[in-house]
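Per-entry structural report
Each chain, letter by letter, is given below.
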Amino acid sequence: MKAFNNLIIKTLPMVPKPIVHIFAKKYIAGPFLEDAVRNTKELEAEGSMTTIDVLGEFVTKREQALHEKEEVSRVLDAIKDHNLPSYLSVKPTSLGMGIDFDFGYDNIKELVDKAKKYGLFVRLDMENSPYTTMTLDMFRRFREEGYENVGIVIQAYMRRSEEDIKSVAEYKPNIRLCKGIYKEEIDIAYQDYEEVRANYRRLLKLIFDLDLYPGIATHDDALIEFAQEEIKSRGLSKDKYEFQMLLGVKDNKRREIIANGHRTRVYVPYGEDWYGYSTRRLKENPDMAGHIVKAIFKMN
Ligand code: FDA
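Owing to the predicted nature of the structure, the values given are computational and were not obtained by experimental measurement.

1. Here we look at the packing of aromatic side chains
Per the counting criterion, the structure on display carries six aromatic pairs. Ring centres 6.1 Å apart and planes at 85° place the aromatic pair Tyr241 and Phe243 in the edge-to-face group. Residue classification places Tyr241 among the buried residues on the basis of a relative accessible area of 2%. A relative accessible area of 1% means that Phe243 is categorised as buried. A network of ring pairs unites the aromatic residues Tyr105, Phe142 and Tyr147 as a single cluster.

2. What about the site of the ligand?
With respect to spatial proximity, 25 residues lie near the ligand, and among them Gly180, Tyr193, Thr218, His219 and Glu284 are the closest. Within the backbone of Ile181, one N or O atom sits 3.1 Å away from an oxygen atom of the ligand. The protein chains hide 85% of the 930 Å² of surface that the ligand would expose on its own. Going through the elements one at a time, strand S4 (150–155), strand S5 (174–178), strand S7 (242–246) and helix H11 (275–284) are the ones with two or more residues in the shell around the ligand. Counting residues per element, the shell around the ligand draws most heavily on S7, which supplies three residues. Considered class by class, the residues forming the shell around the ligand number twelve nonpolar, six polar and seven charged.

What counts, and where the lines are drawn
- Residues numbered from 1 in each chain as written.
- Predicted model: local features only at pLDDT ≥ 70, side-chain atom pairs only at ≥ 80, totals over all residues.
- Heavy atoms only, no water.
- Phe/Tyr/Trp six-rings, centres within 6.5 Å; stacked < 30°, edge-to-face > 60°.
- Buried < 20%, exposed > 50% of the residue type's maximum accessible area, 1.4 Å probe, protein only.
- Near = heavy atom within 4 Å.
- Polar contact = N/O pair within 3.5 Å; in protein donor to acceptor, adjacent residues only side chain to side chain.
- Areas by Shrake-Rupley, 256 points an atom, 1.4 Å probe, with all protein chains shown as cover.
- Helix = DSSP H or I, 4+ residues; strand = E, 2+ residues; numbered from the N terminus.
- Nonpolar A, V, L, I, M, F, W, Y, C, P; charged D, E, K, R; others polar.

Set out below in structure tokens:
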């Protein structure tokens, strides 16, 4: 069954979009900002904070990036107006960093500046390896220009990550630590599941050793347990870290983490540009493949 599911996942690009949408729905708040606001309020009632992401990436035209910036700017207004326990996550390429570094920087700076005025935080999501150095450089530039309300993501599958953490430690960054989702070559990223886990543990320890604030972003029970043990043995108070999960993934685990007295934050993506994000999520969860097949047959 597993091999069959993996085969389906490989052929996902050929699955009709409406079918993908049926299974993608649970990972996305909906097409509109109001959907993200509604989801955030529901999660707040459960005791979670959120980070809101407008779906979109690898923009190739300046107009697209400017349009994205306007939409993201509306998110900041919504967080302020509704007094939500949220901040912003942005993909630098969706705001034009891949077209031109300065163009992307200026777009994101407008958002960071507005967020600063509102007392809000902006996370630069980490994309694939061609953008790692650029994204970290962007973070440094924000810090050099006096913006404290910007954070980064470190991916545990990347071989360079330990050096990257050390290279930005002087800025005392808020770091989301995740495994990493993009397809990378073996010389760039660990491919083996246990190797990635081992590096995640190493990097989390390093982040704590350096007295930095981690967003512990994983659904992996073993890593969540490891993190909770580290927190306990180091006697860390709950304002020194948080756990982060994706919308629609392992809700019960999140509730368990909250019950254990930790803070949690859910990544809430919304928008009409849902396809790339959703197919990456589906590939992480091959059990979904069987359902996709069933749905295709039901359609015929
Ligand atoms: P793993 O993939 O091993 O999953 C552990 C278990 O969780 C699985 O066995 C399964 O039970 C469950 N699970 C995981 N994904 C699931 C899914 N989609 N559906 C159902 N069950 C699922 N990546 C990146 O490259 N750049 C980034 O900026 C971010 N940002 C980010 C923010 C937040 C808040 C999170 C939680 C994750 C990211 N990621 C990311 C994605 C991350 O790199 C990684 O791909 C996923 O979190 C899956 O890795 P896990 O650590 O959960 O382990």
